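As a plain string of letters, each chain reads:
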There are 2 protein chains.
Amino acid sequence: VERLGTVAIIGVGLIGGSIGRALRARGLAERVIGIGRDQARLDKAKHLGAIDITATDVAQGVKSADVAVVCTPVSRVAADLCAAALAGPSAMLLTDAGSTKQTIVDAVERDERGRTMYVGAHPIAGSERQGAAHARDDLFDGRACVLTPTQNTPPDRVGRARGFWSGLGCRIVEASPEEHDKALALTSHLPHVVAAALTATVPAEMLPLTAGAYRDGTRVASSDAGLWTAIFLQNRDALLHALDTYQTQINDFRLLLTTRDADALREWWESFKARRDLLRESDSSPIAQNTANDLESET
Amino acid sequence: VERLGTVAIIGVGLIGGSIGRALRARGLAERVIGIGRDQARLDKAKHLGAIDITATDVAQGVKSADVAVVCTPVSRVAADLCAAALAGPSAMLLTDAGSTKQTIVDAVERDERGRTMYVGAHPIAGSERQGAAHARDDLFDGRACVLTPTQNTPPDRVGRARGFWSGLGCRIVEASPEEHDKALALTSHLPHVVAAALTATVPAEMLPLTAGAYRDGTRVASSDAGLWTAIFLQNRDALLHALDTYQTQINDFRLLLTTRDADALREWWESFKARRDLLRESDSSPIAQNTANDLESET
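Residues numbered from 1 in each chain as written. Chains lettered and ligands numbered in written order. Predicted model: local features only at pLDDT ≥ 70, side-chain atom pairs only at ≥ 80, totals over all residues. Heavy atoms only, no water.

1. Comments concerning the overall build of chain A
Regarding its fold elements, chain A presents 12 helices and nine strands. Against the globule reference of 19 Å for 299 residues, chain A gives a C-alpha radius of gyration of 21 Å, in line with a compact fold. Taking the principal axes of the C-alpha coordinates as reference, chain A spans close to 65 × 45 × 35 Å. Put simply, chain A has 299 residues, and 58% of those count as buried. Long-range pairs, those at least 24 residues apart, make up 72% of the contacts in chain A between residues at least 6 apart in sequence. In the structure as shown, chain A presents an accessible area of about 11800 Å², 47% of it carried by carbon and sulfur atoms. Between the centroid of the 33 positive side chains of chain A and the centroid of its 38 negative side chains there is a distance of 5 Å. (Helix = DSSP H or I, 4+ residues; strand = E, 2+ residues; numbered from the N terminus. Rg over C-alpha atoms; globule rule 2.2 N^0.38 Å. Buried < 20%, exposed > 50% of the residue type's maximum accessible area, 1.4 Å probe, protein only. Contact = heavy atoms within 4.5 Å. Areas by Shrake-Rupley, 256 points an atom, 1.4 Å probe, with all protein chains shown as cover. Lys, Arg positive; Asp, Glu negative; His and termini not counted. Charge placed at Lys NZ, Arg CZ, Asp CG, Glu CD.)

Below, the structure is given as structure tokens:
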């Protein structure tokens, strides 16, 4: 891996902070600039070892960057990408870590300068916790990072984006922005809605009678309301479709329970239990790897 | 805590095995007899330190027991309790660990001998894993155990049941069988259905694009299909009601998303996030303890 000069991280929270920590722990960059609006939070991120230098102005922060990566909430990603494109050197690689892609990619591709530098990305890693204080240099180890280049994306930037994200430890998967959003509606956004609805259903006074199923099934309901509301809205159509599919499964279960069909209930459960059992072994089993390769639209 | 003589455990899987390990680790009994149909599994449980003595016949196994605790699948609990009542000494305490209570308690109270010895119990602890190989002597530490005595239950047995289950590390909560089943439909059975439906919704080829929300939200879908089918059927009415309540939450979310109501979506999420945040601190916080006390119908 070729060592990078300056990497600018716009938004130094859990994801941005973890990128900074991974870059520094692996010696991948000469310097890491953290860009944000709140100097105190930037100072804290620097103190925690996530960044080398701080900047509160995007234009100033990216002016000599080899790579600029935007890690702000999805409602701000497109604007931050365009601001970085405007101020950064024309050779800069521009990428992001947003949980939705179609809205963001469309917006940057309408920007004349942005589209010459940008490769959409989504490292599928995170936590219900927020802030650089929870950042980890191994957050991306073995996690999938979906890159969403389009026919307008310069091929050299795709190669550099692969190098940047795989340098942080990610397995690279490529998909169109639309494919990404449809898949993530099922694999991430729906699980968040399900966890939230489950939390909302169980009254607080019953918490002492919960155990592991509730605890694990609701963990991500502790995630930030504003961040997730923005993600849901940006991926509204795909998420509504995912909810339809989920609803069909709940309805199937309900019918079998209403009619007391023991054999069919057991078969329903058995039909997907094997799928979940696979995951128990390892995240990076050969099966998971092969499946990841099948998803790539190009390699 | 007065030391017990002989404790007979009928069904030495994860729960029965953990009771045996806790009794032995804490020196609470002179001997622990494990009763099951499969001698090889009993030998393994003995080798693992969960029991001292094995028996394949319930009548023989319980004949000198001070306590008999039934830990078989819920579809077999009532029959095993009645068999143990028939063969055990009249001073024996009879209890169980079944995840449903109304069906079991009703059946044992129709048994003339069973009702003179029995206190229904449900230690709320477990795992998606099965078998004595996964048993742990700390499985019950700080976990709630719901006792479900009725007006027919001899008061001395209630006291002895409290002593037995609290000796294993449980916090004792009392409730009627009906209250238990309604609460557990929400706190345990619904979370299992939700996890199963989520697993069924996400196709296997998308597993590489899942992260923590999916992993945690689907963990219990690896549980045994037969065990859970039996629990769902025994608690059918309360579970259907819990599914109605859950469905209302999903529908509320869906409407807010369809109408792109960002403020209301954020408020919906915020309204219960605090409830889940509480759980993040600790299972045994003063708040959780106080709430547990509120639930007790008698103490």
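From this point, things continue past the structure.
2. Considerations on the pairing of strand β8 (residues 144-147) of chain B
Residue and element names in this part refer to chain B. Residues Ala-144 and Val-146 of β8 are buried on one face, and the alternating residues Cys-145 and Leu-147, pointing to the opposite face, are buried as well. Where strand β7 (residues 121-123) lies against β8, three bridges are found, and the strand directions are antiparallel. The residue bridging His-122 from the neighbouring strand is Val-146, located in β8. Note: β8 against strand β9 (residues 171-174), four bridges, orientation parallel. Following the sheet pairing, Leu-147 is matched in β9 by Glu-174. Handedness of the crossover is the feature at issue here: the chain leaves β8, passes through helix α6 (residues 155-167), returns alongside β9, and the resulting connection is right-handed. (Pairing = 2+ DSSP bridges. Right-handed = clockwise from strand over helix to strand, strands pointing away.)

3. With respect to the relation of the copies chain B and chain A
With an axial shift of 0.0 Å and an RMSD of 0.0 Å, the rotation relating chain B to chain A amounts to 180°. The relationship between the two copies is best expressed as a two-fold rotation axis. Of every C-alpha in chain B, the one belonging to Gly-217 of chain B sits nearest the axis of rotation, 2.1 Å from it. Here 100% of the contact residues of chain B are again contact residues in chain A; the copies associate through an equivalent surface. (Least-squares fit on C-alpha atoms with pLDDT ≥ 70 in both.)

4. Brief notes about the sheet that holds β9 of chain B
Residues and elements named next belong to chain B. Here we have three strands laid out as an open sheet, ordered β7-β8-β9, and mixed in their pairing. Both edges of this open sheet fall to β7 and β9, since each of them pairs with a single strand only. For this sheet, the mean angle separating the axes of adjacent strands, direction not counted, is 20°. (Axes fitted to C-alpha atoms, helices over the stretch in contact; angles between N-to-C directions.)

5. Observations concerning the side chain of Asp-181 of chain A
Residues and elements named next belong to chain A. Mapped onto the elements, Asp-181 comes out in helix α7 (residues 177-201). It is Lys-101 that comes nearest to the buried, bridge-free Asp-181 among opposite-charge side chains, at 6.9 Å. A distance of 3.1 Å separates a polar atom in the side chain of Asp-181 from the backbone nitrogen of Gln-102. Once residues within four sequence positions are removed from consideration, Asp-181 is found in contact with Thr-100, Lys-101, Gln-102, Asn-235 and Ala-238. (Salt bridge = Lys/Arg side-chain N within 4 Å of Asp/Glu carboxyl O. Polar contact = N/O pair within 3.5 Å; in protein donor to acceptor, adjacent residues only side chain to side chain.)

6. Structural notes on the environment of Ile-19 of chain B
All names here are of chain B. Note on placement: Ile-19 falls in helix α1 (residues 14-25). Separated by 232 residues in sequence, Ile-19 and Asn-251 place their C-alpha atoms 42 Å apart. Once residues lying within four places of it in the same chain are set aside, the contact partners of Ile-19 are Ile-9, Val-69, Cys-71, Phe-140, Phe-164, Trp-165 and Leu-168.

7. Notes on the interface of chain B and chain A
On the side of chain A, 87 residues touch chain B, which itself brings 87 residues to the contact. Taken together, both faces of the contact between chain B and chain A bury some 8600 Å²; the carbon and sulfur share is 68%. Among the residues of chain B in contact with chain A, Leu-209, Trp-269 and Arg-276 of chain B are the three that bury the most area, contributing 10% of the side total. At the junction of chain B with chain A, the criterion picks out four salt bridges. Arg-254 of chain B is the salt-bridge partner of Asp-244 of chain A, the closest N and O atoms lying 2.8 Å from each other. Seen at the junction of chain B and chain A, the total is 32 residue pairs in polar contact (both at pLDDT 80 or more). (Buried area = accessible area lost by both parts, 1.4 Å probe.)

8. Concerning the pattern of salt bridges
Summed over the entire model, instances satisfying the criterion amount to 28 salt bridges over all chains. Residue Glu-30 of chain A is joined to Arg-31 of chain A by a salt bridge in which the shortest nitrogen-to-oxygen separation is 3.4 Å. For Arg-266 of chain B, the salt bridge is made with Asp-263 of chain B, and the minimal N-O distance between the two is 2.9 Å. Of this pair, Arg-266 of chain B and Asp-263 of chain B both sit in helix α11 (residues 262-281), three residues apart, which is roughly one turn of that helix. Classification of Arg-266 of chain B as partly exposed rests on a relative accessible area of 33%. Within this structure, Asp-156, Arg-157 and Arg-160 of chain A form a network of salt bridges that share partners.

9. Some remarks on the pairing of strand β1 (residues 4-10) of chain A
Residue and element names in this part refer to chain A. Across the seven residues of β1, six count as buried, placing the element largely inside the fold. Each parallel crossover has a hand, and for β1 linked through helix α1 (residues 14-25) to strand β2 (residues 29-35) it is right-handed. Here four bridges tie β1 to strand β4 (residues 67-70), and the two strands are oriented parallel to one another. Its bridge partner lying in β4, Ile-9 is registered against Val-69.

10. Observations regarding the packing of aromatic side chains
All told, the structure shown has 16 aromatic pairs over all chains when counted by the stated rule. Each ring, one from Trp-268 of chain A and one from Phe-272 of chain A, has its centre 5.0 Å from the other, and the planes form 85°; the classification is edge-to-face. Remark: Phe-272 of chain A and Trp-268 of chain A occur in helix α11 (residues 262-281); sequence separation between them is four residues, near one turn of the helix. The two residues Trp-268 of chain A and Phe-272 of chain A agree in class, both being buried. When the ring of Phe-164 of chain B is compared with that of Trp-165 of chain B, the centres are 5.3 Å apart and the planes differ by 80°; the resulting orientation is edge-to-face. Of the two residues, Phe-164 of chain B and Trp-165 of chain B, both sit in the buried class. (Phe/Tyr/Trp six-rings, centres within 6.5 Å; stacked < 30°, edge-to-face > 60°.)

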